[in-house]
Amino acid sequence: MATQTSTESNNKVTLRQYVELFASTLGPQKGRVIWMFLLLLTGIGLQLMMPQLISRYIDTAETGGTVRTLSWIAGGFIAITVVNQVVHLFGTYFSENVGWSATNKLRVELALHALRLDMSFHKEHSSGAMIERVDGDVLNLANFFSKFIVHVFGNIVLLIGIIAVLFVENIWIGSVFAAFAVVAMFALHLVREFAMSHWAKARQTNAELFGFLGERMTGAEDIRANGAVPYTMRRLHQLLYKLLLVERPAHVRGHSIWPATMLLFGVGYLLVFALGFWLYGDHAITIGTIYLMFSYMENLRTPVERLSQQLQELQKAGASIRRIRQLLAIKQEIVDGPGANFPAGALEVAFDNVTFAYAQDTPVLHNLTFTLEKGKVLGLLGRTGSGKTTISRLLFRLYDPQQGAIRFGGQDIKAATLHQLRTSIGIVTQEVRLFQASVRDNITLFDRTIADEKIKAVLDDLGLGDWYRTLPNGLDTELTLGGGLSAGQAQLLSFARVFLRDPQLVILDEASSRLDPLTERLIDKAVARLLQDRTAIIIAHRLQTIQEADDILILDGGHIAEHGRREELERDPHSRYSQLLQTGLEEVLT
């Protein structure tokens, strides 16, 4: 079962965690990040120069400077303004590009991590909730990544530059501005922490809502057919109301940054009035310097206000970062082995004292021990819930047994890599998953190394040649989201997938249950060829599907109730299998 570290329980996101996230996502984009920094620093330099020119213009005009001098200063100001806008344009482009590339990389990393997690994790989390975790939380970071450097780092550099310039002008002005900036940033930091935990609860409630919607949309047909629409809508309203209750305090606390900023700058302008009046009265500064103070206070207001806006995003981003780190901290227990040397051809399958439980203390399989010889076909029977499908999941290592071992060709399957193991097994199930993609991709499962001629040959063998030749774009024909195929055609496509993989072990989980008699007869010959020189397990509820089985294994409550050669069990009137033949397999096993 997937495990989660306990170190992520703290609601706060530390500076180190932010740095680690930036390093992992922005590191691969060093070139673009460097260009973004150069443009950013250039823009900051130009911003610092513009008030200096206006200050000089005022002082030059007051002291009777020439029109030529004033014209040069004005022209320089206009030129710098134009260049600053161009630099800002390119800087914004680079920052957005870097930000979205970073979030897309993170989204891919999360999706891949989630796909690799154990089935025990996915059993506890709905698909809708996982979509919100993989996409919703990362989407929350897109604006944060794309604007953080420009609006946060850039404005911090601008703030430092303003203070440095004012220190050069007058030590008293520089000191007052520096003290004001420190107090302002400390106050805004306290406000940020004020809303962090509430945004984390909001993100979790969003995940619950998306999980609910995903499940209900998938089961829309059953919900409508069974009159469950009123309950579904009532439950939806309850979740929306819960979301309102957690997002309302988060928004209220988050927007408390704005009045805090207004109050801070009210105090700031009061300081400028008082300091300017005192220094000008002592003839320590000029009128141009007073303008410079007001201008830089206004320039100081811009970075602080932008910082406060980004701090609201930082509140949401911090909650999302914490949830992302929690997801990435969950480790899979089913990991690759060093690699096994499975023999070529059909595989011998052996279960050695296997016990397995999905939930602790509730075993589904009890001390299961049996051997299926290579090249033989096992008919696996049992009532619903007896553990038949669980056996196939264990063979694929979607789960690992709590006790015992499973061996292929005498080797523990844990020694094999997951890719090696799963490419050795082919499975056809009752439910066929089709994708909104081309016919080729649906058959090959997006493996472009398989030649079209091979795909067409398999389709002809399965009786789908006539259907294929009616497609408007051949193998490039796009299937709709629902597939646009009959149940029989969809099942035949799943057979085609197994044919193309050429596995050593084949599992048929009531694979012909969705086929009409005519279509079922059509693939009988193809199935016989598929099972040739391969080991096979046929999970069945119907007598007809196991007529060609070599061995029969009957499960009852996770125990082996009966196991032996099919012909011998048929001849034994006291065997369970013989009794099933007498009473009707479908009635007894359902």
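Every residue gets a number counted from 1 within its own chain, in the order that chain's sequence is written. Thresholds applied to this predicted model are a pLDDT of at least 70 for local features of residues and 80 or more for the giving and counting of side-chain atom pairs; totals over whole chains, interfaces and linings are not thresholded and use all residues. As a convention, hydrogens and water are excluded, and side-chain values are obtained from all of the structure's heavy atoms.

1. A closer look at the overall build of the protein
Numbering goes from the N terminus for both helices and strands, where a helix is a DSSP run of H or I of at least four residues and a strand is a run of E of at least two. Broken down by element type, the protein carries 20 helices and 10 strands. A 1.4 Å probe rolled over the protein chains alone gives each residue an accessible area, and that area as a share of the maximum for its type sets the label: buried under 20%, exposed over 50%, partly exposed in between. With 590 residues in all, the protein has 47% of them scored as buried. Two residues qualify as a contact provided that any one of their heavy atoms is within 4.5 Å of a heavy atom in the partner residue. Within the protein, contacts between residues at least 6 apart in sequence are counted, and of these 78% link residues at least 24 apart. The protein chains shown are the only cover counted for residues, whose accessible areas, like all others here, come from Shrake-Rupley with a 1.4 Å probe. Counting every atom, the protein has about 29,900 Å² of accessible surface; 59% of that belongs to carbon and sulfur.

2. Here we look at the packing of aromatic side chains
Aromatic rings from Phe, Tyr and Trp, taking only the six-membered ring of Trp, are treated as a pair when their centres fall within 6.5 Å; an angle between ring planes under 30 degrees marks them as stacked, one over 60 as edge-to-face, and anything in between as tilted. Within the structure shown, the criterion is met by 8 aromatic pairs. Ring centres 5.6 Å apart and planes at 80° place the aromatic pair Tyr93 and Phe94 in the edge-to-face group. Through a chain of ring-to-ring contacts, the aromatic side chains of Phe356, Tyr358 and Tyr399 assemble into a single cluster.

3. Topic: helix H11 (residues 388-395)
The element H11 is largely enclosed, with a buried count of 6 among its 8 residues. Burial in H11 covers these residues: Lys388, Thr390, Ile391, Ser392, Leu394 and Leu395. Phi for Arg397, located one or two positions after H11, is positive at around 60°.

4. What to know about the pattern of salt bridges
The salt bridge criterion pairs a side-chain nitrogen of Lys or Arg with a carboxyl oxygen of Asp or Glu, the two atoms within 4 Å. All chains considered together, the criterion is met by 13 salt bridges. One salt bridge connects Asp441 with Arg448, and the closest N-O pair in it is separated by 2.9 Å. The buried category is assigned to Asp441, whose relative accessible area is 7%. Connected through shared salt-bridge partners, Glu373, Asp551 and Arg565 make up one network.

5. Examining the sheet that holds strand S1 (residues 349-359)
Sheets are built from strands that pair by backbone hydrogen bonding, the pairs being arranged parallel or antiparallel. Two strands form a pair only when DSSP identifies at least two bridges running between them. Judged by pairing direction, the sheet is antiparallel, and its 4 strands sit side by side in the order S2-S1-S4-S5 without closing on themselves. On the outer flanks of this sheet lie strand S2 (362-372) and strand S5 (411-412), each paired with one strand and no other. Bridge count between S1 and S2: 7 bridges; the pairing is antiparallel. Across the sheet, Val354 pairs through a bridge with Leu368, a residue of S2.

6. Description of unusual backbone geometry
The phi dihedral of Asn353 falls on the positive side, at around 55°, and the residue is not glycine. Take Asn353: it is sitting in strand S1. One non-glycine residue, Asp502, lies in positive phi territory at about 50°. Looking at the secondary structure, you find Asp502 in the loop between helix H16 (487-501) and strand S7 (505-509).

7. What to know about the sheet that holds strand S8 (residues 535-539)
A sheet is described by the order of its strands in space; here 6 strands give the open sequence S6-S7-S8-S3-S9-S10, paired in mixed fashion. Of all the strands in the sheet, the pair left with one neighbour each is strand S6 (425-428) and strand S10 (559-565). Recorded for the sheet is a direction-independent mean angle of 15° between the axes of neighbouring strands. Relative to strand S9 (residues 551-556), strand S3 (residues 377-382) is paired through 5 bridges, and the arrangement is parallel. Pairing of Leu378 across the sheet is with Asp551, part of S9. In this description, a line fitted to the C-alpha atoms serves as the axis of each element, helices being fitted only across the stretch in contact, and the angle between N-to-C directions of two axes falls anywhere from 0 to 180 degrees.

8. Here's the deal with the environment of Thr355
Within the element layout of this structure, Thr355 appears in strand S1. Thr355 sits in the buried class, given a relative accessible area of 14%. Considered as a pair, Thr355 and Ala405 are 50 residues apart in the sequence and their alpha carbons are 9.1 Å apart. Here Thr355 is in contact with Pro363, Leu365, His366, Asn367, Pro401, Gln402 and Gln403, once residues within four sequence places are set aside.

9. Re the confidence of the model for the protein
For any part of a model where pLDDT is low, the fine detail of the predicted coordinates should not be relied upon. Summary of the metric used: pLDDT quantifies the predictor's per-residue confidence within the range 0 to 100. Of the residues in the protein, 84% have a pLDDT of 70 or more, and the chain-wide mean is 79. When mean pLDDT is taken per element in the protein, strand S4 (residues 403-408) scores highest with 93 and helix H20 (residues 585-589) scores lowest with 49. With pLDDT under 50 throughout, residues 1-10 is counted as low confidence; its partners more than four residues away or in other chains account for 24 contacts.

10. Notes on H16
One less than the residue count of a helix, multiplied by 1.5 Å, gives the span that helix is expected to have. Taking 1.5 Å as the rise per residue, H16 with 15 residues should run 21 Å; its terminal C-alpha atoms sit 22 Å apart, in good agreement. For H16, the tally of buried residues reaches 12 of 15 residues, placing the bulk of the element in the interior. Along H16, the residues classified as buried are Gly488, Ala490, Gln491, Leu492, Leu493, Ser494, Phe495, Ala496, Arg497, Val498, Phe499 and Leu500. Count one or two residues on from H16 and you reach Asp502, which has phi positive near 50°.

11. Description of the packing of helix H14 (residues 452-461) against H16
Each pair of packed helices can be described by the angle between their axes along with the distance between the axes. Where H14 contacts H16, the axes come no closer than 10 Å and their chain directions differ by 130°. When the axis of H14 is compared with that of H16, the two are oblique. Remark: the crossing between H14 and H16 carries right-handed chirality. Together, Lys454, Ile455, Val458 and Leu459 of H14 and Leu493, Ala496, Phe499 and Leu500 of H16 make up the contact between the two elements. For the contact of H14 with H16, the class distribution of residues is 7 nonpolar, no polar and 1 charged. Note on terminology: angles under 35 degrees are roughly parallel, angles over 145 are roughly antiparallel, angles of 65 to 115 are roughly perpendicular, and the others are oblique. Should the near helix be turned anticlockwise from the far one by less than a right angle, the crossing is left-handed, and should it be turned clockwise, the crossing is right-handed. Under the grouping applied here, Gly and all other residues not named as nonpolar or charged are polar, the nonpolar ones being Ala, Val, Leu, Ile, Met, Phe, Trp, Tyr, Cys and Pro and the charged ones Asp, Glu, Lys and Arg.

12. Concerning the packing of helix H2 (residues 30-62) against helix H3 (residues 67-116)
The N-to-C vectors of H2 and H3 enclose an angle of 155°; their axes lie 8 Å apart at closest approach. Taken together, H2 and H3 sit at an angle that is classed as roughly antiparallel. Between H2 and H3 lies a crossing of left-handed hand.

13. Focus: the pairing of S3
Burial within S3 is extensive, with 6 of its 6 residues counted as buried. The alternating pattern of S3 places Val377, Gly379 and Leu381 and Leu378, Leu380 and Gly382 on opposite faces, both of which are buried. Here S3 runs beside S8; their pairing, made up of 4 bridges, is parallel. Considered in S8, the bridge of Gly379 is made with Ile538.

14. Structural notes on a nonpolar patch on the surface
A patch is a set of surface residues, each over 30% in relative accessible area and not in a salt bridge, joined within 9 Å for like charges and within 5 Å for the nonpolar side chains Val, Leu, Ile, Met, Phe, Trp and Tyr. On the surface, Ile78, Val82, Val86, Leu89 and Phe90 cluster together to form a nonpolar patch covering roughly 480 Å² of accessible area. For Phe90, the position within the fold is in helix H3. A relative accessible area of 43% places Phe90 in the partly exposed class.

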